[in-house]
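# A structural walkthrough
Each chain, letter by letter, is given below.
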Amino acid sequence: MGVQGKPTVFLREASGLIRSLNAWEGALIALSQLNFMMGLMELWSWGIVTVKQANYALAILFSIPLVMILGLVWVLYAIIMPRSGGEYVWVSRGLHPAIGYAISFFMVFLALDWTSLNAWLTGSVFFPGFLYSLGMQKLASIVAQPINAFIIAILVIVAFTIAFIPRVKVQARILWILFLATFIGWVGLVIVQLFPSATLATVLQTQFHINPTSLINTAVSSGYVKGWTLWGSLLALPWAMQMWGGWWWAPYAGGEIQNPKRSMWIAVLGATLISITLYTIPVALAPRVFGFDLNNALNYLYEVNPSAYPSVLPPPYFNYLALLVTNNAFLKALVGFGFFASILFIIPSGYFVVTRNFFAWSFDRAFPEKLAEVSERFHSPVNAAIVTGVLMLILAYLQAFTDFFGYLVNIMIVLNLMFILVSISAIIHPYRNKSLYDNSPISHWKVGGLPALTVAGIGGLIVSAYLEYTCLSSPALGGPISWVSISSALAMPIVGVVIYYIFKFYRRSQGIDLDLVYKEVPPA
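Let us look at the structure shown here. (Residues numbered from 1 in each chain as written. Predicted model: local features only at pLDDT ≥ 70, side-chain atom pairs only at ≥ 80, totals over all residues. Heavy atoms only, no water.)

Summarising the element assignment, Leu-17 is placed in the segment before helix H1 (23-34). Judged by its relative accessible area of 11%, Leu-17 falls in the buried class. Along the primary structure Leu-17 and Ile-154 are separated by 137 residues, whereas in three dimensions their C-alpha atoms are 28 Å apart. In this structure, Leu-17 is in contact with Ser-84, Gly-255, Glu-256, Phe-359, Val-374, His-379 and Pro-381, ignoring residues within four places of it in sequence. (Helix = DSSP H or I, 4+ residues; strand = E, 2+ residues; numbered from the N terminus. Buried < 20%, exposed > 50% of the residue type's maximum accessible area, 1.4 Å probe, protein only. Contact = heavy atoms within 4.5 Å.)

Counting 188 residues, the largest nonpolar core has Trp-244 and Trp-247 as its most contacted members. Among the elements that make up this core, the one with the highest residue count is helix H5 (residues 97-133) (19 residues). When neighbours within four sequence positions are excluded, Trp-244 is seen to be in contact with Leu-34, Ile-60, Ser-63, Val-67, Ser-275, Ile-276 and Tyr-279. (Core = buried A, V, L, I, M, F, W, Y, C linked by side-chain atoms within 4.5 Å.)

Before going further, it helps to examine the packing of aromatic side chains. What the rule picks out here adds up to 43 aromatic pairs. A ring pair is formed by Phe-358 and Phe-367, whose centres lie 5.7 Å apart and whose planes are at 20°; its orientation type is stacked. Like Phe-367, Phe-358 is buried. When the centroid spacing of 4.9 Å and the interplanar angle of 70° are considered together, the rings of Tyr-500 and Tyr-501 count as edge-to-face. Look at Tyr-501 and you get partly exposed, because its relative accessible area is 31%. Members of the aromatic cluster, each reached through a chain of ring pairs, are Tyr-88, Tyr-101, Phe-105, Phe-358, Trp-361, Phe-367, Tyr-500, Tyr-501, Phe-503, Phe-505, Tyr-506 and Tyr-518. (Phe/Tyr/Trp six-rings, centres within 6.5 Å; stacked < 30°, edge-to-face > 60°.)

One non-glycine residue, Asn-35, lies in positive phi territory at about 30°. Relative to the helices and strands, Asn-35 resides in the loop between H1 and helix H2 (38-50). A positive phi angle, near 55°, is found at His-379, a position not held by glycine. With respect to the element layout, His-379 can be found in the loop between helix H17 (347-363) and helix H18 (382-401). His-379 sits in the partly exposed class, given a relative accessible area of 27%.

Below, the discussion takes up helix H7 (residues 146-163). Between the first and last C-alpha of H7 there are 25 Å, a value that for 18 residues agrees with the 26 Å anticipated at 1.5 Å per step. Buried residues of H7: Ala-149, Phe-150, Ile-152, Ala-153, Val-156, Ile-157, Phe-160, Thr-161 and Ala-163, and no others. The arc enclosing the buried residues of H7, seen along the axis, measures out at 165°, which places them on a common side. Exposed and facing more than 90 degrees away from the buried side of H7 are Leu-155 and Ile-162. (Expected span 1.5 Å × (residues − 1). Arc of directions from axis to C-beta.)

A full pass over the atoms with the stated rule returns eight salt bridges. The salt bridge partner of Asp-364 is Arg-93, with a shortest N-O separation of 3.0 Å. Of this pair, Asp-364 sits in the loop between H17 and H18 while Arg-93 sits in helix H4 (residues 87-94), and the two are 271 residues apart along the sequence. Note on accessibility: Asp-364 and Arg-93 belong to one class, buried. One salt bridge in this structure joins Arg-507 and Glu-369, with 3.4 Å as the shortest N-O distance. Taken together, the residues span a long stretch of sequence, with Arg-507 in helix H23 (residues 483-509) and Glu-369 in the loop between H17 and H18 at a distance of 138 residues. Each of the salt bridges in this network shares a partner with another, and the network as a whole consists of Arg-365, Glu-369 and Arg-507. (Salt bridge = Lys/Arg side-chain N within 4 Å of Asp/Glu carboxyl O.)

With respect to the helices and strands, the residue Gln-399 is situated in helix H18. At 2.8 Å, the side chain of Gln-399 and the side chain of Asp-113 are in polar contact. (Polar contact = N/O pair within 3.5 Å; in protein donor to acceptor, adjacent residues only side chain to side chain.)

On to the layout of surface pockets, then. In this model, the second largest pocket occupies a volume close to 390 Å³. Lining the second largest pocket are 16 residues, and of these Trp-46, Leu-117, Leu-121, Val-125 and Tyr-317 sit closest to its centre. Elements with a contribution of two residues or more to the lining of the second largest pocket: H2, H5 and helix H14 (292-304). A total of six residues in the lining of the second largest pocket trace back to one element, the largest contributor, which is H5. Per-class residue counts for the lining of the second largest pocket are 11 nonpolar, three polar and two charged. (1 Å grid on protein atoms, 1.4 Å probe; cavity = no way out; pocket = protein on both sides within 12 Å on 5 of 7 lines; lining within 4 Å. Points joined across faces, edges and corners; volume = space filled by probe spheres on them. Nonpolar A, V, L, I, M, F, W, Y, C, P; charged D, E, K, R; others polar.)

Shown next, in the form of structure tokens:
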């Protein structure tokens, strides 16, 4: 309460969070989601169905300037307003509070859904894959059963929820450990690719009595198109961009990252370049050991015509293929361990997104104030972490025993729309909220006489609009489009707008004008 019992604009005069993360610890939040090992499994298993005749190594290289342009918007915004909540704080001050809330609510739902799915995949795919690498095939199939996988998901979510109660440096140490474990597995994977015991084609012939040429022809008869073209690789550009999902996640912890004017370059763009480098090497080496068309054909059959996929083979995920081409037991275990570590590495970033957005909404009085409470001992939003864990447990159950994930189509269409809105906010922010921008550390940065944030926003708008167009024009990328699918995808942003106005009117009844909140940057 302020003077004479009048409510203050913000919940309190200081956030209670401490800037204790250095630049590289901030980068780990982004690297956690960029995840250079786990993404290898997604690129072929999902990408091969969406785009024909694509060379993914080239597509990744083509995507670099595009992701850098978008990343620049987030870097500059995070320097101007280095606060917990990321684009919620920026867009609510630069465009409109309801739009900022809508974007943020969607991002929170996306993080909750994605992180709970990864907790479920820990037991259903990745831990069984590790057991498979150790030669425990029977145990792997037992663990992968839905009820057992769900039990593992519960254990994972409970463990990470507890880990997010202490001070943020504890989470930073966990990120370092999981990054190093994932990187060690990545080294093992590259060694296997450079020095395989045999190529995948040879293994299929000698160990499984499968003719690679016949298998490729079966895939062709099912719709696969052999080889790659430059045009096909360009068409795969949106899919390659989707592999960099997470480059924007570090600024959600912006209120806890030291020296943001320097650190955000490393936390956003630095992390993205590191991930691209570590990603590109095994992708470029894959045709050498797996074969270009053979690898593609296996993944295509597994996704499109599973009845034609050889039942004697494990799933054609990158980790299983790597295990098939080496006889070295140590390297097998190392690769399996690396992929298992990668699924654990991806989970903490989801907690950062959800807990810091909960905190930011509540600190602005646009959500229950309990979620902005910070432990005096740990300087962390404990209540927000607990609520996040409970929500993830519910979603993990839905992932395991319902078709919930199957209903989430058109997610990429909405995500690209969110990028468009953030870019528009960046374009107009220096003019719409001139006093705030003029007091920022980058107010003197100009490009052709225009504010740097405006120029970055224009670039971001072009890139995100292009990505939106590709998703809308290609159902394979964005999902089948119908009124039902679009409505379900837009439901979360709409719910966010509704919640914002509920709290706006509720706070007005308490004598608090939320319009005043969004004219200022939240206190550090």
